[in-house]
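# Analysis of the macromolecular model
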Amino acid sequence: MKKWTILAPLGLAAAGAAALVLLKKKPEAKAAPAKGGPAKKPAPAKAPANLKTGSYSFISGFQNASTVEMTLDYDADRFSFAVVEENFLSYSSDSHVAILEGEDFSLQLEYAAFYPGEDFAAHCASLAEKHQDFAPVRYGSVDAVKYLEGDALSFCLPIPEDAHSYVQALLFKAKGNDTPLPELAEDPDLSAILSSVRFHRA
């Protein structure tokens, strides 16, 4: 953050001289409007020709448990999506996770339960104490938080109106990708994918 230095007030004589200069100065002529009409707006980004939707379902809660389905959109020409029960990208105690793999990065998505008496706000407060790089992020209408966790960048996504669970997305760099891991949070492909996340309760 830039620090601004506040100059001390000028003396009365200097202030008076400056005022006289301003009074004598003629107003500048207004710049002529640019020819050619209004500036063109940039064309909206085109949706991938082979856009597909991946689905990942899990049980949330113990008493009055319900099935939650998370869906996301991805470019099937550049990414693959699968729900697996083994060969995870990172250890998970969950029975199954969703994996999205591309040339530059991969995502492992898994459900996680809050501790008793905890909610998403309390969970975030705990993470903020443990991780100095903890920060809120927003992709489209999807609010989340992020922090570094080992060799992955972790995102926690709250589930609307769910007091029991949230979804954790672990982002891993692909081999040969020289982009620093924290900067991958701003990757346009990642942004498009996370912006498309939707939750449905059965």
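All values derive from a computational prediction rather than experimental measurement. (Residues numbered from 1 in each chain as written. Predicted model: local features only at pLDDT ≥ 70, side-chain atom pairs only at ≥ 80, totals over all residues. Heavy atoms only, no water.)

## Overview of the sheet that holds strand β5 (residues 105-113)
Put simply, the rule is: Two strands form a pair only when DSSP identifies at least two bridges running between them. Counting from the N terminus, the helices are the DSSP runs of H or I reaching at least four residues and the strands are the DSSP runs of E reaching at least two. Angular values range over 0 to 180 degrees, each being the angle between N-to-C directions of two axes fitted as lines to C-alpha atoms, with helices fitted over their stretch in contact.
One open sheet holds the 7 strands; their spatial order is β3-β4-β5-β9-β8-β7-β6, and the pairing between them is antiparallel. Taken across any chain shown, the strands that pair with only one partner, and hence form the sheet edges, are β3 (79-84) and β6 (135-139). Within this sheet the neighbouring strands show an average axis-to-axis angle of 25 degrees, counted without direction. Of the pairings in the sheet, the one linking strand β8 (residues 152-158) to strand β9 (residues 165-173) comprises 6 bridges and is antiparallel in character. Paired with L157 across the bridge in β9 is V167.

## Here we look at the layout of surface pockets
Heads up, the rule is: Grid spacing is 1 Å over the protein atoms alone, the probe is 1.4 Å, and a cavity is where that probe fits but cannot get out, while a pocket is an open set with protein on both sides within 12 Å along at least five of seven lines and lining residues have an atom within 4 Å of a point. Grid points are joined across faces, edges and corners, and a volume is the space filled by probe spheres set on the points. Residue polarity follows a fixed list, in which Ala, Val, Leu, Ile, Met, Phe, Trp, Tyr, Cys and Pro are nonpolar, Asp, Glu, Lys and Arg are charged, and the others, Gly among them, are polar.
Considered as a void within the structure, the largest pocket measures approximately 300 Å³ in volume. Lining the largest pocket are 14 residues, and of these Y115, H123, L127, Y147 and Y166 lie nearest its centre. Of all the secondary-structure elements, those providing two or more residues to the lining of the largest pocket are β5, α2 (120-130), β7 (142-149) and β9. Among the elements that make up the lining of the largest pocket, the one with the highest residue count is α2 (4 residues). Residue classes in the lining of the largest pocket are distributed as 7 nonpolar, 4 polar and 3 charged.

## Examining the nonpolar core
Nonpolar side chains tend to gather and get buried jointly when the protein is soluble and globular. The criterion, for reference: Here, the term nonpolar core denotes a set of buried Ala, Val, Leu, Ile, Met, Phe, Trp, Tyr and Cys residues that are joined through side-chain atoms within 4.5 Å. Three exposure classes are used, based on accessible area relative to the maximum for each residue type with a 1.4 Å probe and protein chains only: buried under 20%, partly exposed in between, and exposed over 50%. We call two residues in contact when some of their heavy atoms are within 4.5 Å.
Counting residues in each nonpolar core, the largest one holds 32 residues, and the members touching the most others are L72, L107 and F155. Discounting chain neighbours no more than four positions away, the residues touching F155 are V137, Y139, V145, K146, V167, Q168, A169, L171, A185, L190 and L194. In terms of nonpolar packing, the next biggest core, distinct from the first, is built from 9 residues, F114, C124, Y147 and Y166 among them.

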